[in-house]
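The lines below spell out each chain.
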Amino acid sequence: MLIRMSKKPSKDDLPLSSDASHQLGEYLNRSLHGDCVEVLKEIPVSSVDMVFADPPYNLQLGGTLTRPNNSEVKGVNDKWDRFSDFSSYDRFTEDWLSSVRRVLKPDGTIWVIGSYHNIYRVGAILQDLGFWILNDVIWRKTNPMPNFRGRRFTNAHETILWAAKDKSSKYCFNYDSMKALNDDLQMRSDWLFPLCTGSERLKSEGKKAHSTQKPEALLHRILIAATKLNQIVLDPFFGTGTTGAVAKRLGRNFIGIEREEDYVKLARQRINRVKKIAEDELLASVTKRELPRIPFGWLVEKGMLEPGQTLTDIRRRHLAKVRADGTLITADFRGSIHQVGAKVQKAPTCNGWQFWCIEEKGKLVPIDTFRQKLRADLH
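Residues numbered from 1 in each chain as written. Predicted model: local features only at pLDDT ≥ 70, side-chain atom pairs only at ≥ 80, totals over all residues. Heavy atoms only, no water.

1. So, a nonpolar patch on the surface
On the surface, a nonpolar cluster with roughly 260 Å² of combined accessible area is contributed by Tyr171, Phe173 and Tyr175. Positionally, Phe173 belongs in the loop between β5 (157-164) and α4 (175-181). On the basis of relative accessibility, which here comes to 35%, the residue Phe173 falls in the partly exposed class. (Patch = residues over 30% accessible without salt bridge, like charges linked within 9 Å, V, L, I, M, F, W, Y side chains within 5 Å. Areas by Shrake-Rupley, 256 points an atom, 1.4 Å probe, with all protein chains shown as cover. Salt bridge = Lys/Arg side-chain N within 4 Å of Asp/Glu carboxyl O. Helix = DSSP H or I, 4+ residues; strand = E, 2+ residues; numbered from the N terminus. Buried < 20%, exposed > 50% of the residue type's maximum accessible area, 1.4 Å probe, protein only.)

In C-alpha cells form, the structure reads like this:
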C-alpha cells in the first residue's frame, strides 16, 4: 500500500531556506513520505528547476546467484522494484514522468538513471511526453559486480538520460564549470566513478540500508552541471537522501519524495548531519556569458596596454599595434582585436582575447589575463 504524505510535515524535517520560493512552502528542503505521483499533485505547477530520478529498474534476479566461493550475491530483490510485466512498468513510468513534467519549469531539465533493463523504455516515454533528450551519459563503474555465471559481459555501466522539458527550453548548463572539473578539457559524456562503498554506504542493522544507493560524487557533478545556487532540485525516488545531502552541501534547495518509511527516516537523519560546505561565492557556477563585459579599450584607458604597443600571436607569426581608441592596426588593416585576428589568419572568426599576446619578461602572456584582472576589480 502506498502511503500519502500528511499535510503537516514532520518536525524532524529541515527548516525552510530563507530565500526559497514561498509557493513551495512546506515542501521545500524536506524528505516527504508518500507516493510521488500523489505528492506531486500538491506541488505547484512549474515550480522546480531540475529533477533527478533514480526509479526502480525492474531487474530482480531470477533464483539465487552465488559467487565462486559459494557466498550469495545480494541483488535487488526489494518489493519496490517488482512489476508484473513491461506494460505495468510502462504505465508506472508514464505516470511519474507526467507528474514531474507538470512541476518542472519551462527551462528546467530532468536526469534519469537506469540500466539496460529499463532505460530504453524510459527514454521512449520521455520523448513521447515531449521531453527533448540532450545527452545520454554513461556512468562507468570502477568496481562493478562481476558476471559470476560467465554467460554475459560484466555489466560495468549505467546510463543517465539528460533531457530538457522541450526542444525550445533555455536550459541551464554550466559548461565552464564542467570544463574546470575536467582539468580544463571539455567534459565528455562518459564518467568514471566507483560504486557507493565504505563509509558513504548507509547501513541498517549491519547491512546496506539501500540496495541501489548512488555515490555522492555522481550527484555533485550533475548538480554543478545543471543548476545554479539556491535553485530547486526534485527527487521523486529519494531513497536514503543522496540528492538532498549533496544539494544542501552545494547551496541548492531540494524536494525529496519517498514511499518507503524506513528510507525516509534514514534520509532525514543523514541530511540533518550535512552542512553547507562554503559561502555562496564559492558554490555559484558562473558562465562566461554572465561575466561582466570588458571592452578591449578599457585596457588602454587603464594603462594596462599603451598606444603603439605591439601584440603578437603565441607562435609569433603575426604582429599588430595597439591604437589609442582600443583598435589594432597592421600594415593593411584596422579593426577590433577579433577582426584583426581573423584577418591575419584568413579565418572567418577569431577570439582576440585568446589569440593576441604581449611579451612580459621574455614570456608571451595572452591579453585575456588583463581582462580577468579588470573583472576581479569590478567585484
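Having seen it, we continue.
2. With respect to helix α2 (residues 86-103)
End to end, α2 covers 26 Å across 18 residues, agreeing with the expected 26 Å (1.5 Å per residue, within 8%). For α2, every residue scored as buried is listed here: Ser88, Tyr89, Asp90, Phe92, Thr93, Trp96, Leu97, Ser99, Val100, Arg101 and Val103. Residues of α2 that are buried sit in contact with α1 (36-40), β2 (48-53), β3 (104-114), α3 (119-128) and β9 (232-235). One side-chain oxygen of the residue at the start of α2 lies 3.3 Å from the amide nitrogen of Ser87, identifying that residue as Asp85. (Expected span 1.5 Å × (residues − 1). Contact = heavy atoms within 4.5 Å. Polar contact = N/O pair within 3.5 Å; in protein donor to acceptor, adjacent residues only side chain to side chain.)

3. Some remarks on the pattern of salt bridges
One pass over the structure, following the stated rule, counts 13 salt bridges. Across the pair Arg259 and Glu260 runs a salt bridge, and its minimum N-O distance is 3.8 Å.

4. Here we look at the packing of aromatic side chains
Ring pairs (aromatic) are described by centroid distance and by the angle formed between their planes. In this structure the tally under the stated criterion is 11 aromatic pairs. Measuring from ring centre to ring centre gives 5.9 Å for Tyr89 and Phe92, while their planes differ by 50 degrees; the resulting arrangement is tilted. Residue Tyr89 and its partner Phe92 are both found in helix α2; the two are separated by 3 residues, about one turn of the helix. The same class applies to Tyr89 as to Phe92, namely buried. The interplanar angle of 85 degrees and the centroid separation of 5.6 Å between the aromatic rings of Trp162 and Tyr171 together place this pair among those described as edge-to-face. Overall, the relative accessible area of 4% leaves Trp162 in the buried class. Site record: aromatic cluster; members linked through ring pairs are Trp111, Trp162, Tyr171, Phe173, Tyr175 and Trp191. In this structure, Arg121 packs its charged tip against the face of Phe86, placed 4.2 Å from the ring centre. (Phe/Tyr/Trp six-rings, centres within 6.5 Å; stacked < 30°, edge-to-face > 60°. Lys NZ or Arg CZ within 6 Å of the ring centre and 35° of its normal.)

5. Thoughts on the confidence of the model for the chain
With 85% of its residues at a pLDDT of at least 70, the chain reaches an overall mean of 86. The model gives residues 1-20 a pLDDT under 50, and that stretch makes 42 contacts with residues more than four places away or in other chains. (pLDDT = per-residue confidence, 0-100.)

6. What about the side chain of Arg30?
With respect to the helices and strands, Arg30 occurs in strand β1 (residues 30-33). The exposure class assigned to Arg30 is buried, which follows from its relative accessible area of 15%. A polar contact is formed between the side chain of Arg30 and the backbone oxygen of Glu26, at a distance of 2.7 Å.

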